[in-house]
Amino acid sequence: MTETFYDVMRRQGITRRSFLKFCSLTAAALGLGPSFAPKIAEAMETKPRIPVLWLHGLECTCCSESFIRSAHPLAKDVILSMISLDYDDTIMAAAGHQAEAIIEETIQKYDGNYILACEGNPPLNQEGMSCIIAGRPYLEQLQHAAAHCKAIISWGSCASWGCVQAARPNPTQAVPIHKAPGIPIDKPIIKVPGCPPIAEVMTAVITYLLTFERFPELDRQGRPKMFYSQRIHDKCYRRPHFDAGQFVESFDDEGAKKGYCLYKVGCKGPTTYNACSTVRWNGGLSFPIQSGHPCFGCSEDGFWDKGSFYDRLTDIQGFGIEANADKIGGTAAAVVGAAAAAHAAASAVKRARQKGGDE
């Protein structure tokens, strides 16, 4: 009989008190109210750990590097207590034929009941020879595992969109998971884009799947709405400077030192859907814009092919039908100048009147 999540945690010496605290933190990480903590606890006490095959194609392993840095929940809790990570060639102890045999064992034992997590993408050119796993093209391994899985998670922009491997001219003909030939069209695919995705977003998606036994609500591109429904721009702490027409014109100028909006130096926050400005990175410590660097838009499709990272590619009409960042900035400066002049004139008149009264 497969152990439940709670069985595993108890076997590892975790107290009931710590278990309930973990459930509360998990509910908070998912953006759920306190009333959901008991439901998460009940699910973890009764449901068996779901098997996961984590495959790697063309990628740099940044998604795994991000995943292991999750703070809520901790990656070790996800791997050791929440899921049964049967195969992941990056962190597993087995190697060679023993490692590859695990894939077949999992497919046969849990046919139609395991999660296929994909990091990276398959190349189609030269019969897939640009990415060989255990002596055969990665595409073959992917097709075989996808045919028998319950659902697919596409980790990162590589698996979700193609990312740098699929950027022009794409000599290997790399494609995202959902466009790979031989992937069953009836298999649900959840995309968690980003280069890499935020660690807590990755672990929260897994926690949601295990707790509610269904995908979180997805947008029309297949991304979880709870993390990808708003633009970084919408919750950015520099947004008031954008609305006020206060922009960094070049790096290290006075505007940059004052924390002005980075839109003019290439920030893609107004067109990028992600949770960076709310969840942030490294346990909620910071995110690129907070460190003074513009957003690249790495969670959007084709961001490598949209020109220089530091080019202002869009003309955001956020101030009125005819106004843009340049006009509103100039207007704001003119208004401030006029207001200062008016204030100075009024002060001079007031002083003259006071002087006349004294005389």
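Structure: above.
Analysis parameters
Residues numbered from 1 in each chain as written. Predicted model: local features only at pLDDT ≥ 70, side-chain atom pairs only at ≥ 80, totals over all residues. Heavy atoms only, no water. Salt bridge = Lys/Arg side-chain N within 4 Å of Asp/Glu carboxyl O. Helix = DSSP H or I, 4+ residues; strand = E, 2+ residues; numbered from the N terminus. Buried < 20%, exposed > 50% of the residue type's maximum accessible area, 1.4 Å probe, protein only. Axes fitted to C-alpha atoms, helices over the stretch in contact; angles between N-to-C directions. Parallel < 35°, antiparallel > 145°, perpendicular 65-115°, else oblique. Left-handed = near helix turned anticlockwise from the far one by under 90°. Contact = heavy atoms within 4.5 Å. Nonpolar A, V, L, I, M, F, W, Y, C, P; charged D, E, K, R; others polar. Pairing = 2+ DSSP bridges. Phe/Tyr/Trp six-rings, centres within 6.5 Å; stacked < 30°, edge-to-face > 60°.

S.K.: I'd like to hear about the pattern of salt bridges, residue by residue, with values.
M.R.: Scanning all chains against the criterion turns up 11 salt bridges. As a salt-bridge pair, E45 and R16 come within 2.2 Å of each other at their nearest N and O atoms. With E45 in helix 3 (residues 37-46) and R16 in helix 2 (residues 16-29), this residue pair connects regions lying 29 residues apart in the sequence. Overall, the relative accessible area of 28% leaves E45 in the partly exposed class. With a shortest N-O distance of 3.3 Å, E300 and R223 are connected by a salt bridge. Here E300, found in the loop between helix 12 (254-257) and helix 13 (325-358), pairs with R223, found in the loop between helix 9 (199-212) and helix 10 (225-228); they are 77 residues apart in sequence, far enough to count as distant. Connected through salt bridges with shared partners, the residues R231, D234, R239 and D243 form a single ionic network.

S.K.: Would you mind going over the packing of helix 2 against helix 3 in detail, with residue names and values included?
M.R.: In contact at an axis separation of 8 Å, helix 2 and helix 3 are set at 120° when each is read in the N-to-C sense. Comparing the axis directions of helix 2 and helix 3 gives the class oblique. You can see that helix 2 and helix 3 cross each other, and the crossing is right-handed. Facing R16, F19, L20, F22, C23, S24, T26 and A27 of helix 2, the residues of helix 3 in contact are A37, I40, A41, M44 and E45. A breakdown of the residues in the contact of helix 2 with helix 3 according to their chemical character gives nine nonpolar, two polar and two charged.

S.K.: Explain the pairing of strand 6 (residues 151-155) to me, using residue names and the numbers behind them.
M.R.: Counting buried positions along strand 6 yields five of five residues, so the element is predominantly enclosed. Of the two faces of strand 6, the one carrying A151, I153 and W155 and the one carrying I152 and S154 are both buried. As defined by bridge partners, strand 3 (residues 115-119) adjoins strand 6 across five bridges and the pair is classed as parallel. Directly across from I115, in strand 6, lies its bridge partner A151. Pairing of strand 6 with strand 7 (residues 189-192) involves four bridges; the strand directions are parallel.

S.K.: Could you give an account of the packing of aromatic side chains, naming the residues involved and the relevant values?
M.R.: Counted according to the given criterion, the structure contains 15 aromatic pairs. The interplanar angle of 80° and the centroid separation of 6.5 Å between the aromatic rings of Y237 and F287 together place this pair among those described as edge-to-face. Pair noted here: Y237 is in the loop between helix 10 and helix 11 (239-243) and F287 is in the loop between helix 12 and helix 13, with a separation of 50 residues, a long-range link. Given a relative accessible area of 38%, Y237 falls into the partly exposed group. With relative accessibility at 4%, the residue F287 sits in the buried group. Consider the rings of F303 and F309, whose centres lie 6.1 Å apart with planes at 20°: the pair is stacked. Residue classification places F303 among the buried residues on the basis of a relative accessible area of 7%. Among the residues examined, F309 registers a relative accessible area of 18% and is labelled buried. Here the aromatic residues F251, F296, F303, W304, F309 and Y310 are joined through ring pairs into a cluster of three or more.

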